[in-house]
Each structure stands twice: as C-alpha cells, then as structure tokens.
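Here is how the chains run, residue by residue.
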Amino acid sequence: MTRREIRETIFKLMYMNGFFEGEDFETQVGLFFENEGDKYTAEDSTYIRSKLAEILEKETEMDEMIDDASEGWKVSRMNRVDLCILRLAIYEMLYDEEIPYRVAINEAIELAKTFGGDESPSFINGILGNISKSKGLSM
C-alpha cells in the first residue's frame, strides 16, 4: 500500500472512532479489515492499528494544540472530518519522524479536499501553519 492509502485508512478509522467506544470500536476496526478482504496485508493492518493507537493516545494533547492555534474556533465546535484530519496531520508533523512536516501539511490539505467542505483546506492549512510556527518548524 502507498503511504497515502495508509493515511486515508487511518483517517477513516479515526472518524469511525467518534461513533464507537472501547471494545465496540475495536470490534468495528476488526470488521473494517475483515470487510476489506485482501486490500490489506497483515503487515499493513498491524502498522495501521499501531499508528491509530498512537494517535488516539495523543488526542487530548493534540486538541490543546488545535485550540491554541485556532482563532475563534475550539475543538468542540469543529466538524468531525476537519478535526480528524488535523489530529492526523499534527501526529505526523510532531511525532512521526518518517514524515517531513511539509508533507504532513500537504497530505492533510489533500484529505480536506477529498473529504472536507469547501473551506476545509484553507482552515486546516491555517491551523497547521500556526502549529508549525509555534513548534519552531521552519516554513
């Protein structure tokens, strides 16, 4: 699988996480991979599950960054798609050493174009730009 396909799958599972809790979510993740059949290798599934767990573990910390970086918007008011894209991008920017922060931002914008609303790409770009500046990432 390409990195983009893996990223999109993680995004979809993050979105799904908003509708299920605990064991119910784990069951849904299992059903997701079961229904996708041969699209994912065992290695892909393990990698995706691992990244998903790491992202969900840092969710509160990342939400605080989003609140600090957004002007006039709080996490509680953001639409679920944008919020999932932001969390995924922040994780990639700050915690995934394999992905350059500029790639993380660009990929987040691409996800927003595909899954978000008309204003999503610029909204996400603005917040991620603010976070990258506050974290000392060079632009």
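All figures in this text were calculated on a predicted structure; none of them were measured in a lab.

Undergrad: Can you explain a negative patch on the surface? Please cite residues and give values.
TA: On the surface, E21, E23, D24 and E26 cluster together into a patch of negative charge. Topologically, E23 is positioned in helix α2 (residues 22–35). In this structure E23 comes out as exposed when scored by relative accessible area, which is 71%.

Undergrad: So what's going on with helix α4 (residues 59–69)? Which residues, and what values?
TA: Where α4 is concerned, the buried positions are M62, D63, M65, I66 and A69. Looking down the long axis of α4, one finds its buried residues gathered within 160° of arc, a one-sided arrangement. When the buried face of α4 is taken as reference, the exposed residues oriented beyond 90 degrees from it are T60 and D68. On its buried face, α4 is in contact with α3 (42–57), α5 (80–94) and α7 (120–134).

Undergrad: Got a sec to walk through the pattern of salt bridges? Specific residues and values, please.
TA: A complete count under the given rule lists ten salt bridges for this structure. A salt bridge links K51 to D96; its shortest N-O distance comes to 3.3 Å. With K51 in helix α3 and D96 in the loop between α5 and α6 (101–115), this pair connects stretches of sequence that are 45 residues apart. Exposure remark for D96: the relative accessible area of 6% places this residue in the buried category. With a shortest N-O distance of 3.3 Å, E110 and K113 are connected by a salt bridge. Highlighted residues: E110 and K113, both in helix α6, separated by three residues, approximately one helical turn.

Undergrad: Run through the packing of aromatic side chains, naming residues and quoting values.
TA: Inspection of every chain in the model, using the stated rule, returns seven aromatic pairs. On the numbers, 5.4 Å between centres and 85° between planes, the contact of F32 with F33 is edge-to-face. Residue F33 is classed as buried on the basis of its relative accessible area of 9%. Counting every residue linked through ring pairs, the aromatic cluster contains F32, F33 and Y40. Here the guanidinium or amino end of R77 rests over the ring plane of W73, the centre of that ring lying 4.6 Å away.

About the criteria used
Residues numbered from 1 in each chain as written. Predicted model: local features only at pLDDT ≥ 70, side-chain atom pairs only at ≥ 80, totals over all residues. Heavy atoms only, no water. Patch = residues over 30% accessible without salt bridge, like charges linked within 9 Å, V, L, I, M, F, W, Y side chains within 5 Å. Areas by Shrake-Rupley, 256 points an atom, 1.4 Å probe, with all protein chains shown as cover. Salt bridge = Lys/Arg side-chain N within 4 Å of Asp/Glu carboxyl O. Lys, Arg positive; Asp, Glu negative; His and termini not counted. Charge placed at Lys NZ, Arg CZ, Asp CG, Glu CD. Helix = DSSP H or I, 4+ residues; strand = E, 2+ residues; numbered from the N terminus. Buried < 20%, exposed > 50% of the residue type's maximum accessible area, 1.4 Å probe, protein only. Arc of directions from axis to C-beta. Contact = heavy atoms within 4.5 Å. Phe/Tyr/Trp six-rings, centres within 6.5 Å; stacked < 30°, edge-to-face > 60°. Lys NZ or Arg CZ within 6 Å of the ring centre and 35° of its normal.

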